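Residues per chain, in single letters:
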Amino acid sequence: AWSATSDWQRLVTLRWKMNVDHDFHSYRLYYGIRSGEYEGVLTHVNGRTLGNHLAKNARIELTVDNDLIEQNRALDRSGMRDYPLLKNNVLYYFAVSACDSYRPGTPFNHESPRSTEVAGRPFGGSEIRPAR
């Protein structure tokens, strides 16, 4: 189970239970402006892999803002994704997956199926329910 909370400052805060599998390595956070279509993928936070070092009380809390998006855009050498910046009043869709420790950063790394999608709109700090 995970959730999104949004704010008027062009940011969305996501929360989910941390992965406790013995071979867990990192998360991939997908986002976009259309349900099921993810124009961006976030894999790093301030130069570190998006992982369990962000956990508090066995939960990951990640604030997505345009600085974080720009950091990840700069790391994406493929140029295949658009990485839309967050704008107020626009609804964004998010899904998270977990990757194991086998050859991280290569096409051989194993990635879990994506989570249930949640949606968040940067505006007014409203609680957001999972998208259906």
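Located above this text is the structure these notes cover.
Reading the values: the criteria
Residues numbered from 1 in each chain as written. Predicted model: local features only at pLDDT ≥ 70, side-chain atom pairs only at ≥ 80, totals over all residues. Heavy atoms only, no water. Core = buried A, V, L, I, M, F, W, Y, C linked by side-chain atoms within 4.5 Å. Buried < 20%, exposed > 50% of the residue type's maximum accessible area, 1.4 Å probe, protein only. Helix = DSSP H or I, 4+ residues; strand = E, 2+ residues; numbered from the N terminus. Arc of directions from axis to C-beta. Polar contact = N/O pair within 3.5 Å; in protein donor to acceptor, adjacent residues only side chain to side chain.

Moving on, we come to the nonpolar core. Generally speaking, a soluble globular protein has its nonpolar side chains buried in company with each other. Formed by 29 residues in total, the largest nonpolar core has its most connected members in Leu14, Tyr27, Leu29, Leu42, Leu62, Val64 and Phe94. Within the residue set of this core, elements represented by two or more residues are strand 2 (11-17), strand 3 (24-32), strand 4 (40-42), strand 8 (59-65), helix 1 (66-75), strand 9 (92-100) and strand 10 (118-120). For this core, the leading source of residues is strand 9, giving six residues.

This brings us to helix 1. Residues of helix 1 that are buried: Asn66, Leu68, Ile69 and Asn72. Each buried residue of helix 1 lies within a common arc of 155 degrees when the element is viewed along its axis, so the set occupies one face. More than 90 degrees from the buried face of helix 1, the exposed residues found are Asp67 and Ala74. Measuring from the backbone nitrogen of Asp67 back to the side-chain oxygen at the start of helix 1 gives 3.2 Å, which picks out Asp65 as the cap.

Scope: geometric values only; no functional claims are made or implied.
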